[in-house]
Amino acid sequence: MIVTADLLQGEELAYLGTEPAREARSAPLPNGLHPKVREALATQGIDSLYAHQAEAWEAAARGENLIVTTGTASGKTLAFNLPVLDALAREPKQRALYLYPTKALAQDQLRSLGSFRLPRLRAAIYDGDTEAERRWQVRRWANVILSNPDMLHVGVLPHHDRWGDVLTNLAYVIVDEAHVYRGVFGSHVANVLRRLRRLARVYGAEPQFLLASATIANPGELARSLTGAEATVIGDDGAPRAERTVALWNPPLTDEELGLRASALGEASRLMAELVSRGLRTLCFAKSRRAAELIHRFTADRLGDDSRLSPYRAGYTPQQRRKIERRLLEGELLGVSATNALELGIDVGLLDCVLSVGFPGTVASLRQQWGRAGRRGHGLAVLVASEDALDQYFMREPETLLERRVEAAILDHENPRVLDGHVRAAAFEAPLDDADLLGDAALERAAVLPELQKTKAGYVWAGRDYPAARVSLRSTGPEAFTIVDSSSGTMLGIVEQERAYSTVHEGAIYLHLGESYRVRELDFTSRTAVVEPFRGDYYTQAKKETSTAIVEATRSERRLGVDLSFGRVVVTEQVVGYQKRSIQTQESIELVPLVLPQTEFETEAVWFLPEPWMLEGLDDMPRLLGSLHAAEHSLIALLPLWAMCDRWDIGGLSTNLHFQTGRPTIFVYDGHAGGVGITERGFDVFEGWTDDTARLLQGCPCERGCPSCVQSPKCGNLNEPLDKAGALDLLERMLGA
């Protein structure tokens, strides 16, 4: 890409390289394809398939479940649409259910299906926005129903008597963007899909599951975890790819001692203004709405004109989004700044450049964003780093990002905190018996849940309400708090009780889709956090006292010279205050005391006991505590690289003397009650995880620890004490062992 050669230079450039082009591998349209579908493809200019689409067709024709896991823009949608369109052209009475994580994606797919203009295809959306009088029409008339897991959970399965015809004729269930279903949300969705399978079976149907996912390390395992059934993995991408230049861009240091850097948003807008002024179609992904809007504003200021720029984010109407997509497609728009939430299914056609501002959390997400660059010809993909520990690690060690396999998506549908609600809901829908698709763990829970009654047919619901209505798919416990914006009355989200006191206490600055809100009050009676928009220049950090008690070690091994265990622990926390810190300088503004109840939750953890020789020279206080504490923080910062999770999904505790082990001990635990498999993944990959963490510490140029290595934005001890050098000594001695 000659037009950017002069731009991509200077001290900010941490890496520059190219990914080679790839030729398409094609296959003819299948012989058995229905003539009407063949005609519909011809009108769209499709006369052959990519190799992976043909492979998916063959697997579906054999009656197998499958998961397609190929790159962005590789035609995954056609891979799962083709078997469905063919089946409906032959027998329009058959039904297909399409599930999407967001309403916007269902809208996109409805348009895509409509473009085939097949006379026997009747597609409709059924979600929370569908008018009441239209719902019965959709149930009776549509043979492709587009919905989401939340609607399936509360709006369809508990009322299956109204859905009898759909369930009897259900031939296909499509689960798109399957990599989104991980952690707590994925664990719930796995139970919802099992409930769907068991009800379809009650009505005499065995639907095939066709899943599509961004590239992840464990597609077969994810499909099995989500559906409870084996699936064929289609992962050999036959789509073409243009040559792509890849650059890692690190904003310059403004304060070497504190490790502070220039604003990533400012750097991104500078790059975007340059690219747009050269006529290159550029999409810039930012982590928040506010960041996307600011990049748009800064870029417009630099260019002195915003006629060819637009922000693009959730909250826009479908009409507004379509207009932006059309203008970008036709070359009217050259620069669009979007939130990461829209990396899924954004249909923007032919782009030259993609800027990702801040590592989006997983290599899979980054690859999905970058995959949009270079559809017309040579592409440019840039990661603009924030000062976060992972971002800075990649700037110093580019190969750990560029050569890394994508992460594994982890979920645990048998977590009792998740499972119990679905066992109740399933027993309401149909009796639970020994051959149940929910599995043995569900039967064990059914025997001890008070509202279930054992009958000859199996366990049935004996309560008075709809049990499904009690279960939120986004949280592990029923004791969640609702977050409400006082300025608009909108519900922004929910937060589990065990995290509420540290994240939405009175005075807390709460981030939602990157927007800042200040918590006005936390109401314990109505379980509501009332928030208001906040424009100040500080953030808050809860100060808390934490203790961890081991309930049971389920796995113990000798690894890296230490006793390493994985098992169940009880975490007790009490928030005692919060600190206000300046966003600009990171300095403490004030410490505000709080009086809040103690919380206790059982979860999963991985823990290890460093040997005395590993702590030689570090064993005086407070150096010992600082070394253990810094090692714990940096391990937490790096675990998201091995399991698809956010650093906010995990917590930790380090102590110079644990009351049960009798020795210095470091714990890293799942931040969700019951655990969802994140720390078990840490146990499995302990060597690689520890090695990455040591490299993070070795490479960070700061002297005593900074936000790019050992300081954590969520530390309950307000980042005291921390000894970076001691932590590195400890981890290197473990790796040497």
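One can find the structure itself at the top, above this paragraph.
Only a predicted model underlies this, so the values are computations on that prediction, with no experimental measurement involved.

(A) Local environment of the packing of aromatic side chains. In total, this model carries 15 aromatic pairs according to the counting rule given. Both rings, one in F359 and one in F394, keep their centres 4.9 Å apart while their planes meet at 70°; by these two values the pair is edge-to-face. Residue F359 is located in the loop between strand 17 (353–357) and helix 13 (363–370), and its partner F394 is located in helix 14 (residues 389–396); the two are separated by 35 residues in the primary sequence. Judged by relative accessible area, which is 2%, F359 ranks as buried. Its relative accessible area of 0% is what places F394 among the buried residues. A connected cluster of aromatic rings, assembled from ring pairs, spans F359, Y393 and F394. Across the ring face of Y126, the terminal group of R135 is positioned such that the distance to the ring centre comes to 5.5 Å. Geometry around F683 places R559 over its ring, the cationic atom sitting 5.1 Å from the centre.

(B) Structural context of unusual backbone geometry. Cis geometry is found at the peptide bond from M621 to P622, where omega equals 0°. In this structure, the amide linkage connecting E720 to the following residue, P721, adopts the cis form with an omega of -15°. With respect to the secondary-structure elements, P721 resides in the loop between helix 21 (686–699) and helix 22 (724–736). Phi angles above zero are rare outside glycine, and R117 is one such case at about 50°. Of note in the backbone geometry, E177 takes a positive phi value of approximately 55° without being a glycine.

(C) Quick peek at the state of the cysteines. Evaluation of the coordinates by the stated rule reveals zero disulfides. Unpaired in this structure, C284 has its nearest cysteine sulfur neighbour in C353, at a distance of 11 Å.

(D) Structural view of the pattern of salt bridges. Within the structure shown, the criterion is met by 38 salt bridges. The residue R568 makes a salt bridge to E552 at a minimum N-O spacing of 3.0 Å. Pair noted here: R568 is in strand 27 (residues 562–582) and E552 is in strand 26 (residues 538–559), with a separation of 16 residues, a long-range link. Judged by its relative accessible area of 32%, R568 is partly exposed. Residues R663 and E611 are paired through a salt bridge, measuring 3.6 Å at the closest nitrogen-oxygen approach.

(E) Spotlight on the sheet that holds strand 1 (residues 13–19). Read across the open sheet, the seven strands follow the order 1-11-18-17-14-16-15; overall the sheet is mixed. The outermost strands of the open sheet, each flanked by one partner alone, are strand 1 and strand 15 (309–312). This sheet shows a mean twist of 15° between the axes of neighbouring strands, independent of strand direction. Pairing of strand 14 (residues 282–286) with strand 16 (residues 335–339), which is carried by five bridges, proceeds in the parallel orientation. Of the residues in strand 16, the one forming a bridge with A286 is T339. Where helix 10 (residues 264–277) meets the sheet, its contacts fall on strand 11 (244–249), strand 14, strand 15, strand 16, strand 17 and strand 18 (379–384), and the angle it forms with strand 17 comes to roughly 170°. Each of strand 1, strand 11 and strand 18 is contacted by helix 14, which is oriented at about 120° to strand 11, the strand it contacts most.

The rules behind each value
Residues numbered from 1 in each chain as written. Predicted model: local features only at pLDDT ≥ 70, side-chain atom pairs only at ≥ 80, totals over all residues. Heavy atoms only, no water. Phe/Tyr/Trp six-rings, centres within 6.5 Å; stacked < 30°, edge-to-face > 60°. Helix = DSSP H or I, 4+ residues; strand = E, 2+ residues; numbered from the N terminus. Buried < 20%, exposed > 50% of the residue type's maximum accessible area, 1.4 Å probe, protein only. Lys NZ or Arg CZ within 6 Å of the ring centre and 35° of its normal. Disulfide = S-S within 2.5 Å. Salt bridge = Lys/Arg side-chain N within 4 Å of Asp/Glu carboxyl O. Pairing = 2+ DSSP bridges. Axes fitted to C-alpha atoms, helices over the stretch in contact; angles between N-to-C directions. Contact = heavy atoms within 4.5 Å.

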